[in-house]
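Chain by chain, the residues run as shown.
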Amino acid sequence: MEGGAVRVGPVLEETFYILSKKNTVYRVKLTEKGLSLQKESNGNTKIETIRINDIVGCRCMRSKRKTGASCVCHPSAIRRNGLRVVEENSGEQDESDISAYLYIYAYVLKKYKMKGQRRERMTITLRFRSFDKYDDNMREAQKWRVAVKCLMRHRPVPRCVLLAGETDVLPGLEAVSEEKKLLVLLNPKSGPGKAREMFQQRVVPVLAEAELPYDLYVTKHANYARDFVRTKDIYQWRGVVVVGGDGIVFEVFNGMFERPDWERAVKEVPVGVIPCGSGNGLAKTIAYAMEEPYDQNPVLISTLNIVKCRSMPMDLVRVETKTQILFSFLSVGWGFLSDIDIESERLRAIGGQRFTIWSVARLIGLRTYRGKLWYLPLEGYKSQGGTPPAPAFLTRSTSHCPTLGAKGDDGLSDAHVHAHAALTPVHSSLSFHDCITPDGDRNGDADAVISESLSLETALGQDDVDAESVSEGGGSGQRPRLDSYYSATSRRSTYFSTTGSSYQSLVDSASAGGSGSEIEPRGPASSVRMYGPPSRLPALTQPAPPHWKAIDGEFVMVHASYQTHLGSDCLFAPNSKLADGIIWLLVIRAGITRAQLLQFLLGLSSGSHLTCPRAEMIPVTAFRLEPEAGTGHMTVDGELVDYGPIQAELMPSLANVMSR
């Protein structure tokens, strides 16, 4: 793949044998579509391809030096017959073994009879030992590594990889090296408070497989992430990854719009999310848009989005109250659902189940609220109950698209924040093990081309190959291409711990010090200017435009969403897209019975709630809500805001999120 052209043949190819099965041959080909393994055994041929989009990374390793006998109680005794590998320059390598190992990590989509689809971890191990020198074998392994990484990132494969006689692969290694780290902001208080453990046990191993460096910062107080993004040089990172719930996502987006250079920030710095909160609406929405099996393993699916780090545009909504301007990515709510969200905070420790429990309480003590709603309906739609027609014939609404002004001065502090990251040994990925189910549930055959792991070895030196094989290798002055043998390891897991080697990153001590680098809590009287695209609507203190439609009366709830999901199990707006230019406004007026409202709640998990009587879904591009005097809860992305008039307008494709 050079100059954007599509290669017809394979980029690299090799023939392998299996040590324990002399009559089995593997023809391995690396193409732009993926890694193709053709298994030939006893006259039968089977082909399986690992899609290039399913590969997360690959690493070159070397066998570890043996350290003597171990007792039966030592953990190493359990794996004494298994392969042990280390980094090339670790100092623990076995100098007597001239082999180079290439580990290719993939998370492939598997189908099960009973449980549908899920992502499972697969490891392909290629052992290169065709040459009688370690450097030559490692060069071959590095060529494959460079080619795989280039194809993963849709980059041209360097000539040093494509040319058979080329010995210098250094330019190729430079082409695939990561220039920037990821910024990880972790909220340890999100949901049930297990974000740290989830990150270290389930996310770190996948990032290590992908060789993605990162800086980790743990939030200390409310608005920590918001002020961090607002004040720091976020362009030194390739993206911002939030580990927590929708609350910290809200902080990050609004922190970007508190920067004078907000236009550049939202354009160049995509936001990714690892779901560790109670709701996790955005994480589920992204997976739903990608048609990924999120429910089977939410953390793994979201981590794979981070690894790919491809940007996808997403609509935001500019929200104005009497006291502040906010930018919302998820929803604006008033009434029933907002009451449940805010009042169930006291049950945060039990996670997402708090919403179910409090729904029962609010259903028993049903409330109504009086107010007035104005909205600007989307052209081409009619206000209706039930599911709106599919908007395939509509183009994205641009009636409220902001005109972006000139960039202001950066004005950012050069101070750095203390890093809370720490080097940790790489260990087995729970994201993988969580996916394990009994073999009887698999919708496949036992003689598959590859199971969870496949290890292949090249033959030993030329002395072990007969003259006929050498002559078939061809090439003057070039060591003939020799074939491979299989060294089986555990079928379930071949994630090798590489103690002393980590792809986590630390902010060095020089950049961490100084009291001026610390993020201080916001005081009650603190005022930070909000930038962002200007509104094209009348001010909240002015009358609503006369061509807007209005509803006056008592409501059980008014809830606007611009994502499909408000939570992991709440399919609120089934027809929504990440960047469709639509606010989906759900209105339930007073008069609905508890039985009907219960039907509504039960239907939220499947999207059938829109068929409930008195539930009206209206696609709009802007709305204004004015509750009458009284008490209640009004929320923006699940965060409580001042109870009073509120106005929202859609800003199409304003932000970027990470996706596959």
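The name given to the protein chain in an unreviewed UniProt entry is sphingosine kinase, with Gryllus longicercus as the source organism. Within the UniProt record for the protein chain, the comment given under Subcellular location (unreviewed entry) is "Endomembrane system".

A. Representation of the overall build of the protein chain in the model. Across its full length, the protein chain carries 16 helices and 27 strands. Nonlocal contacts in the protein chain, meaning residues at least 24 apart in sequence, comprise 76% of its contacts between residues at least 6 apart. On the protein chain, roughly 28,600 Å² of surface is accessible, and the fraction owed to carbon and sulfur atoms is 50%.

B. Summary view of unusual backbone geometry. Positive phi outside glycine occurs at Asn280, with the angle close to 60°. Among the secondary structure elements, Asn280 is positioned in the loop between β12 (271-275) and α9 (281-289). The phi angle at Glu291 is positive, at roughly 55°, despite the residue not being glycine. Within the secondary structure, Glu291 sits in the loop between α9 and α10 (298-308). The exposure class assigned to Glu291 is exposed, which follows from its relative accessible area of 69%.

C. Layout of the nonpolar core. By size, the foremost hydrophobic cluster in this structure holds 96 residues, and its most contacted members are Leu185, Leu373, Leu585, Phe600 and Phe623. Considering each element in turn, this core owes the most residues, seven residues, to strand β27 (residues 646-659). Non-local contacts of Leu585, meaning those with residues more than four positions away in its chain, are made with Leu373, Tyr375, Val558, His559, Ala560, Glu616, Met617, Ile618, Val620 and Phe623. Membership of the second largest hydrophobic core comes to 38 residues, among which are Val108, Tyr134, Ala141 and Val157.

D. Structural context of the packing of helix α12 (residues 353-364) against helix α16 (residues 594-603). Interaxial distance between α12 and α16 falls to 10 Å at its minimum, and their mutual angle equals 160°. Taken together, the axis directions place α12 and α16 in an arrangement best described as roughly antiparallel. Here the hand of the crossing between α12 and α16 comes out right-handed. Between α12 and α16, the residues in contact are Ser359, Leu363 and Ile364 and Arg594, Leu597, Leu598 and Leu601, respectively. Among the residues forming the contact of α12 with α16, the class breakdown is five nonpolar, one polar and one charged.

E. Local environment of the pairing of strand β8 (residues 116-128). Burial runs high along β8: eleven of the 13 residues are buried. Strand direction decides the pairing type here: strand β7 (residues 100-112) and β8, joined by 13 bridges, are antiparallel. Across the sheet, the residue bridging to Tyr112 is Gly116, located in β8. Linking β7 back to β8 in an antiparallel pair, the connection comprises three residues.

F. Molecular detail of the pattern of salt bridges. Across all of its chains, the model carries 26 salt bridges by this definition. For Arg119, the salt bridge goes to Asp54, with nearest N and O atoms at 2.7 Å. Taken together, the positions of Arg119 in strand β8 and Asp54 in the loop between β4 (44-51) and β5 (55-63) put the pair 65 residues apart, joining distant regions of the chain. Pair check on accessibility: Arg119 and Asp54 agree, each one buried. Three or more residues are tied together by salt bridges with common partners; here these are Arg51, Asp54, Arg119, Glu292 and Arg660.

G. Representation of the pairing of strand β2 (residues 21-30) in the model. Taken together, the seven bridges between strand β1 (residues 12-18) and β2 define a ladder with antiparallel strand orientation. Each residue of the ladder has a partner; that of Tyr17, found in β2, is Val25. Remark: two residues form the turn of the hairpin made by β1 and β2, two consecutive strands paired antiparallel. If you look at the hairpin formed by β2 and strand β3 (residues 34-41), you'll find three residues sitting between the two strands.

H. Spatial organisation of the side chain of Asp580. Tracing the backbone shows Asp580 in the loop between β22 (570-571) and β23 (583-589). A polar side-chain atom of Asp580 sits 3.1 Å from the main-chain amide nitrogen of Ile582.

Rules and cut-offs
- Residues numbered from 1 in each chain as written.
- Predicted model: local features only at pLDDT ≥ 70, side-chain atom pairs only at ≥ 80, totals over all residues.
- Heavy atoms only, no water.
- UniProt positions renumbered as here; feature names shortened; annotations may be inferred.
- Helix = DSSP H or I, 4+ residues; strand = E, 2+ residues; numbered from the N terminus.
- Contact = heavy atoms within 4.5 Å.
- Areas by Shrake-Rupley, 256 points an atom, 1.4 Å probe, with all protein chains shown as cover.
- Buried < 20%, exposed > 50% of the residue type's maximum accessible area, 1.4 Å probe, protein only.
- Core = buried A, V, L, I, M, F, W, Y, C linked by side-chain atoms within 4.5 Å.
- Axes fitted to C-alpha atoms, helices over the stretch in contact; angles between N-to-C directions.
- Parallel < 35°, antiparallel > 145°, perpendicular 65-115°, else oblique.
- Left-handed = near helix turned anticlockwise from the far one by under 90°.
- Nonpolar A, V, L, I, M, F, W, Y, C, P; charged D, E, K, R; others polar.
- Pairing = 2+ DSSP bridges.
- Salt bridge = Lys/Arg side-chain N within 4 Å of Asp/Glu carboxyl O.
- Polar contact = N/O pair within 3.5 Å; in protein donor to acceptor, adjacent residues only side chain to side chain.

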